[in-house]
Amino acid sequence: MYGAFRVLLQVFFAQLLCGWVLGSELTFELPDNAKQCFYEDIIMGTKCTLEFQVVTGGHYDVDCRLEDPDGTVLYKEMKKQYDSFTFTAARNGTFKFCFSNEFSTFTHKTVYFDFQVGEDPPLFPNENRVTALTQMESACVSIHEALKSVIDYQTHFRLREAQGRSRAEDLNSRVAFWSIGEAFILLVVSISQVVLLRSFFSDRKTTTTRVGS
């Protein structure tokens, strides 16, 4: 009983540690003609992954730029809807990655990014030991990997849902405005036809001129 309780405590603290190691995950609003930068302190030799996606706004594109502490550009893409970039830090320092919407004059964007720093720590401190894991530990490792996959799938489908909802609302607004415009045009044409038909059947006054001899 005590062994199972100890294993569950290790799983709990490992989940907390993973949440601290994996870096930053954020969804934010990027106004038009704006640029937003983020900073992350990274140790040399750490493997990192930057993944981003434009959820709503315009053509669903944004500029992305990643620089090391010396200002060297590691990654630069223009007007990308989504992308992923993996690199290994060559030195210690603060890395900067920016998202720019400066090319857009009136459309703001909603951007999601996930900046993963480092590898997942082992679920158990002695997971890499020579002896085999117990049945309870093996089950916990399998559950841990399955939960990470579930979280990734949930994030992916939530982003797709948000993007689809934005497109549906935009299409609904366009259809509503188009319907109002058609109704107005139909009203104008109907009134014009009524006025034109009345002019055909209206009495015209005729004037006669008597010519004297």
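Just above sits the structure.
Residues numbered from 1 in each chain as written. Predicted model: local features only at pLDDT ≥ 70, side-chain atom pairs only at ≥ 80, totals over all residues. Heavy atoms only, no water.

(A) Just the pairing of strand β8 (residues 109-117), in detail. Within β8, eight of the nine residues are buried, leaving the element largely enclosed by the surrounding structure. Two strands pair when backbone bridges link them, and strand β3 (residues 47-56) and β8 are joined in this way by eight bridges, in the antiparallel orientation. Across the sheet, the residue bridging to cysteine 48 is valine 117, located in β8. (Buried < 20%, exposed > 50% of the residue type's maximum accessible area, 1.4 Å probe, protein only. Helix = DSSP H or I, 4+ residues; strand = E, 2+ residues; numbered from the N terminus. Pairing = 2+ DSSP bridges.)

(B) Representation of the sheet that holds strand β7 (residues 93-100) within the structure. Spatially, the four strands line up as an open sheet ordered β2-β7-β4-β5, and their pairing is antiparallel. Looking along the sheet, the strands with just one partner apiece sit at the ends: β2 (35-42) and β5 (73-80). Pairwise comparison of adjacent strand axes, ignoring direction, gives a mean angle of 10° for this sheet. With five bridges joining them, strand β4 (residues 62-67) and β5 adopt antiparallel strand pairing. (Axes fitted to C-alpha atoms, helices over the stretch in contact; angles between N-to-C directions.)

(C) How the structure looks around helix α2 (residues 135-201). In a regular helix each residue adds 1.5 Å, so 67 residues correspond to 99 Å; α2 covers 97 Å between its end C-alpha atoms and thus fits that length. Here α2 has its buried residues at Glu137, Cys140, Val141, His144, Thr155, Leu159, Gln163 and Ser166. (Expected span 1.5 Å × (residues − 1).)

(D) Looking closely at unusual backbone geometry. For tyrosine 60, which is not glycine, the phi dihedral falls at a positive 60°. Position of tyrosine 60 relative to the elements: it lies in the loop between β3 and β4. Owing to a relative accessible area of 10%, tyrosine 60 belongs among the buried residues under this scheme. A positive phi angle is found at lysine 79, which is not glycine, with a value near 50°. Secondary-structure assignment places lysine 79 in strand β5. Residue classification places lysine 79 among the exposed positions, given a relative accessible area of 52%.

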